[in-house]
Amino acid sequence: MLDINKVADGSKLTIGLVGRLDTTTAPDLEKEVKENLDGVSELVFDMKDLEYISSAGLRVLLSAQKVMNKSGKMTVCNVSDSINEIFEVTGFSDILTII
């Protein structure tokens, strides 16, 4: 299960993820991202409460990164050690801006 908490502040959108971002929940996040990026120049994924991310979740982040490369910036924050390890092993730590 994944809870998606969105906070819009002008042209900044923060998406808080709670739970598991996997094959089952990735389409929900993908839909939310696509529907909410109009006018957004700064996208932040807050992963403070994210327990797990699968390749399907990584694909959604990569897709969002490609969109934001054209219209602004994207950052990922509050990454746990286990999620950070996945980012490092997959090379996503080189693609994403992790703060």
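Residues numbered from 1 in each chain as written. Predicted model: local features only at pLDDT ≥ 70, side-chain atom pairs only at ≥ 80, totals over all residues. Heavy atoms only, no water.

Some thoughts on the side chain of T25
Consideration 1: Position of T25 among the secondary structure elements: in the loop between β2 (12–21) and α1 (26–36).
Consideration 2: A polar atom in the side chain of T25 sits 2.8 Å from the backbone oxygen of R20.
Consideration 3: Among the polar contacts listed, one links the side chain of T25 to the backbone nitrogen of D22, at a separation of 2.9 Å.
Consideration 4: Discounting residues that sit within four places of it in the chain, T25 has contacts with M1, L2 and R20. (Helix = DSSP H or I, 4+ residues; strand = E, 2+ residues; numbered from the N terminus. Polar contact = N/O pair within 3.5 Å; in protein donor to acceptor, adjacent residues only side chain to side chain. Contact = heavy atoms within 4.5 Å.)

Examining the sheet that holds strand β1 (residues 2–9)
Consideration 1: One open sheet holds the four strands; their spatial order is β1-β2-β3-β4, and the pairing between them is mixed. Pairing within the sheet leaves two strands with one partner each, and these edge strands are β1 and β4 (73–77). Going across the sheet, the axis of each strand differs from the next one's by a mean of 15°, ignoring polarity.
Consideration 2: Across nine bridges, β2 lies against strand β3 (residues 42–53) in parallel orientation. Paired with I15 across the strands is F45, a residue of β3.
Consideration 3: Packing of helix α3 (residues 81–90) onto the sheet brings it into contact with β3 and β4, and relative to β3 it is tilted by some 110°. (Pairing = 2+ DSSP bridges. Axes fitted to C-alpha atoms, helices over the stretch in contact; angles between N-to-C directions.)

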